[in-house]
Amino acid sequence: SINENADVDVVWSWNKIIPETIVVDFETGNLNQADFSNDMNAPWVITNNAYEGNYAIKSSCEGLDNGKSIIEITVDVPFDGKMSFYHRSSCEQFFDNGYFYIDGVQKAVATGITDWSYREYTVKKGVHTYKWEYSKDAVDSAGEDAYFVDNITLYKTFVAVADSESISAAARALYISQPAVSSEI
């Protein structure tokens, strides 16, 4: 039973709120939305060649023989979930490549002149490092000689999808538990 006269203490703390998703979309026109580590030898830069909105990021080692442009971020993922981003390449196919890594394990490669494509990966709760790298060979160039990234979701929750049988059973249970309603006209 519930005592209606009982005192209840509620503790509220803003530092315990964990967002369900964090997206870096570069629409600030800079890299300040997240704590990126940007290799300053050939830093990633803001470009107005975006998948969505006005801005994205791109590698900047165009024309540098054996050039490499790297940007990474370490993320403390608060729960098992997903991370995602859009990317495209505009470069010499097979010789110049855009790579994506999670914790040092290659997950994606883009080469040649491609359209924007979506990538999504499962991530476990804990600290992870996401790295994007554009690597260029010693000769020739094609396209813009660059790798582009936009709309990075650092983490998001899984979306549970119930099967139709479970939905039907839940709907029947809800219907049965509702009081009958009658109306007269």
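The structure we're discussing is the one just above.
Peer 1: Could you clarify how one ought to interpret the sheet that holds strand 10 (residues 126–135) in this entry?
Peer 2: Across a sheet, paired strands are connected by hydrogen bonds in the backbone, their directions being either parallel or antiparallel. Taking strand neighbours across the sheet as the criterion, the five strands line up as 2-5-10-7-8 in an open arrangement whose pairing is antiparallel. Single-partner strands in this sheet number two, and they are strand 2 (37–38) and strand 8 (105–111).

Peer 1: So what exactly am I meant to see when it comes to the pattern of salt bridges here?
Peer 2: Side chains carrying opposite charge are able to pair once their charged atoms draw close together. Applying the stated criterion across every chain yields a total of eight salt bridges. Between Glu62 and Lys58 there is a salt bridge, with the nearest N and O atoms lying 2.1 Å from each other. With a relative accessible area of 14%, Lys58 lands in the buried category. Residue Lys136 is joined to Asp145 by a salt bridge in which the shortest nitrogen-to-oxygen separation is 3.4 Å. Assigned by exposure class, Lys136 and Asp145 land together as buried. Connected through shared salt-bridge partners, Lys68, Lys131 and Glu133 make up one network.

Peer 1: Is there a simple way to think about the side chain of Asn151 in this case?
Peer 2: The residue Asn151 is located in strand 11 (residues 146–156) in this model. Residue classification places Asn151 among the buried positions, given a relative accessible area of 11%. A distance of 3.0 Å separates a polar atom in the side chain of Asn151 from a polar atom in the side chain of Glu52. Here Asn151 is in contact with Val24, Asp25, Phe26, Tyr51, Glu52, Ser84, Phe85 and Tyr86, once residues within four sequence places are set aside.

Peer 1: Explain the nonpolar core here, please?
Peer 2: Side chains of nonpolar character tend, in soluble globular proteins, to be buried together. Phe36, Met83, Phe100, Tyr130, Trp132 and Ile152 are the most contacted members of the largest nonpolar core, which totals 31 residues. Contributions of two or more residues to this core are made by strand 5 (68–77), strand 6 (81–90), strand 7 (97–102), strand 8, strand 9 (117–123), strand 10 and strand 11. In contact with Phe100, not counting residues within four places along its chain, are Met83, Phe85, Val105, Gln106, Lys107, Ala108, Tyr121, Tyr130, Lys131, Trp132 and Tyr147.

Peer 1: What exactly am I supposed to notice about the side chain of Asp150 here?
Peer 2: You can see Asp150 is positioned in strand 11. Buried charge without a salt bridge: Asp150, with Arg88 as the nearest opposite-charge side chain at an N-O distance of 9.2 Å. Separated by 3.0 Å, the side chain of Asp150 and the backbone nitrogen of Tyr51 make a polar contact. Within the local environment of Asp150, its side chain forms a polar contact with the backbone nitrogen of Glu52, the two atoms lying 3.2 Å apart. Contact partners of Asp150, with chain neighbours within four places excluded, come to Asp25, Phe26, Ala50, Tyr51, Glu52, Tyr55, Ala56, Phe85, Tyr86 and Trp116.

Analysis parameters
- Residues numbered from 1 in each chain as written.
- Predicted model: local features only at pLDDT ≥ 70, side-chain atom pairs only at ≥ 80, totals over all residues.
- Heavy atoms only, no water.
- Pairing = 2+ DSSP bridges.
- Helix = DSSP H or I, 4+ residues; strand = E, 2+ residues; numbered from the N terminus.
- Salt bridge = Lys/Arg side-chain N within 4 Å of Asp/Glu carboxyl O.
- Buried < 20%, exposed > 50% of the residue type's maximum accessible area, 1.4 Å probe, protein only.
- Polar contact = N/O pair within 3.5 Å; in protein donor to acceptor, adjacent residues only side chain to side chain.
- Contact = heavy atoms within 4.5 Å.
- Core = buried A, V, L, I, M, F, W, Y, C linked by side-chain atoms within 4.5 Å.
- Lys, Arg positive; Asp, Glu negative; His and termini not counted.

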